[in-house]
Every structure is written in C-alpha cells, then in structure tokens.
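# Examination of the molecular architecture
One letter stands for each residue in the lines below.
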Amino acid sequence: MIHNSIKIQTKNLSLFYGTKQALNNITLDIPTNRVTALIGPSGCGKSTFIRSLNRMNDLIENVSINGEVFIDAVNIYEENIDVVELRKKVGMIFQKSNPFPKSIYENVAYGPKINGIGKKSVLDEIVERSLMRAALWDEVKDELNKSGLALSGGQQQRLCIARALAVDPEILLMDEPASALDPLSTAKIEELMYELKENYTIVIVTHNMQQAARVSDFTAFFYLGEVIEYDETKKLFTIPAKKQTEDYVTGRFG
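The structure reproduced in this document is the subject of the present report. (Residues numbered from 1 in each chain as written. Predicted model: local features only at pLDDT ≥ 70, side-chain atom pairs only at ≥ 80, totals over all residues. Heavy atoms only, no water.)

### Section: the pairing of strand 9 (residues 218-223)
A regular strand places its side chains so that they alternate between the two faces of the sheet. We apply this condition: Only protein chains enter the accessibility calculation, which uses a 1.4 Å probe. A residue is then buried if its area is under 20% of the maximum for its type, exposed if over 50%, and partly exposed in between. Under the scheme used here, helices are H or I runs from DSSP no shorter than 4 residues and strands are E runs no shorter than 2 residues, and both carry numbers assigned from the N terminus. Strand pairing requires that DSSP identify at least two bridges connecting the strands.
Within strand 9, five of the six residues are buried, leaving the element largely enclosed by the surrounding structure. By the bridge criterion, six bridges tie strand 9 to strand 10 (residues 226-232) in an arrangement that is antiparallel. Paired with Tyr223 across the strands is Glu226, a residue of strand 10.

### Quick notes on the pattern of salt bridges
Rule in force here: Here a salt bridge means any side-chain nitrogen of Lys or Arg lying within 4 Å of a carboxyl oxygen belonging to Asp or Glu.
What the rule picks out here adds up to 17 salt bridges. Of the charged contacts in the structure, one is a salt bridge between Lys113 and Glu106, with a shortest N-O distance of 2.8 Å. Take Glu106: its relative accessible area is 28%, and that puts it in the partly exposed class. When salt bridges that share partners are traced, they join Lys7, Asp72, Lys89 and Glu170 into one network.

### Quick word on the packing of aromatic side chains
Rule in force here: What counts as a ring pair is set by centres within 6.5 Å for rings of Phe, Tyr and Trp (its six-membered ring), and what kind of pair is set by the plane angle: stacked under 30 degrees, edge-to-face over 60, tilted for all other angles.
For the structure shown, the criterion picks out five aromatic pairs. Between Phe221 and Tyr223 the ring centres are 6.5 Å apart and the planes differ by 25°, which places this aromatic pair in the stacked class. You can call Tyr223 partly exposed: its relative accessible area is 25%. On the numbers, 4.9 Å between centres and 20° between planes, the contact of Phe221 with Tyr248 is stacked.

Now the structure itself:
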C-alpha cells in the first residue's frame, strides 16, 4: 500500500500497563519524509503508540512491551540500543509546549551543548538554523536572550520544535502539538509540518480530524488499542474500507 521507503516499522507491537493492555498487536509501516497522522477517540492508544517509537514508555513503571519496532531496519528494543542516541534521532513535541526556563537561545542550544558542542560560532549557527526551520527566527532574532517562557503559546510550541530540530533528528513525533493553540498558531504549526516533511519523517497524534485531513499523507485510525484501518489520508477519509472508520470520520461515534 505504501510505496515510499519505510522509515519506521512496527511488528505485532503490544504494550501493557501492568495488566491493562493499551496496544494490541500493531503492525504499521510508516514512510520516510511523509506526515502520518494517528486518529481515534481519547484513550485508544495513540499517544502510547508514538511514545513506544522513542522508548518514552520505558520511563513508566510496570510497562511490558512485546513485538518489534524497527527504525531504518534496526529493532530499537534490542538490548544494545543506546536510548540517548535513539532519542536524538527521534525528537518529540508534546501537547503542552514545555520550554526550559532559560533564554530562547539557551533553549535551542541545550541539546547540542549536552552533545559536546561548545564552540559559540557553531552553536550560533545551529540556533539560527533551527529557529529558521521552526519558522520562528524572524520573530525572535533580536531577542534571543529573552526567556522562552515570555513567548506566546504558539511561539513556545515552535521554540520546542526548534529545540527538537537542533540535535538533527530524522523523525519528529508530535503528540497533539496544536490542541492548546489558537487557530492562527495552529495554522502556522500545520504549515510548518508541511515544510518539515522534506527533511523529516513526521508522526502526529491529533484528535482533530480536519487537521489530520489537512496535514497528513497517511492516516491510521486507532480504536481500543488496535489499528482498525491505515491508508492514504485522502482514501481513508473519502472511501474508508471499514464501517467503523466511516462512522468515526463522519462523526457518528467517538
């Protein structure tokens, strides 16, 4: 079904919080340099699924995971995987923007510094490039020493995107990145995704079906921890193969 090269592949991925099963046997191929949206009602496993793509669920107690997740054909749950390296490659943007209580500059330079880049000229370049890629540079270039927390909500979210981009990831996971934003800021984030997919593979969780239809190339419909249907976005929204998908996208349930 998907003809692009595959960036992320999950095979029979199941996840339990204690005895509660949150994901059930999920097999998905996520293509390179595309936006893949995950839709479905609250609590159906979408966020759990994207957090399994950079092993964020490892941080939760009592989680057990079966199945495999391949990124560039490497199983990220192998014993010898360096999780720090993995999280550099797979950046994450959360629903609530979470800038550090530092300057705009320091927010973006934080990751590169941790990774051993100390030279100011190199950091300057990374900060500028990342802010430009996050479509924020023109708005903040004269006040890089201002606190990141002083920015508007939409700017804070783009600052978090710039911070994620600063360590050169290949994949961006976005967990409802615009749900707390006004329509104008939302439009900016959506426009940004469209530009970013040239260089990054993007997976976005959204509860907003119009947004999924606007920004994504592929869509997976999750329900009760399972993927009910996965297809090109246009197809899934116009001629879904499953009755359940049709009911959800036409608003009959969910």
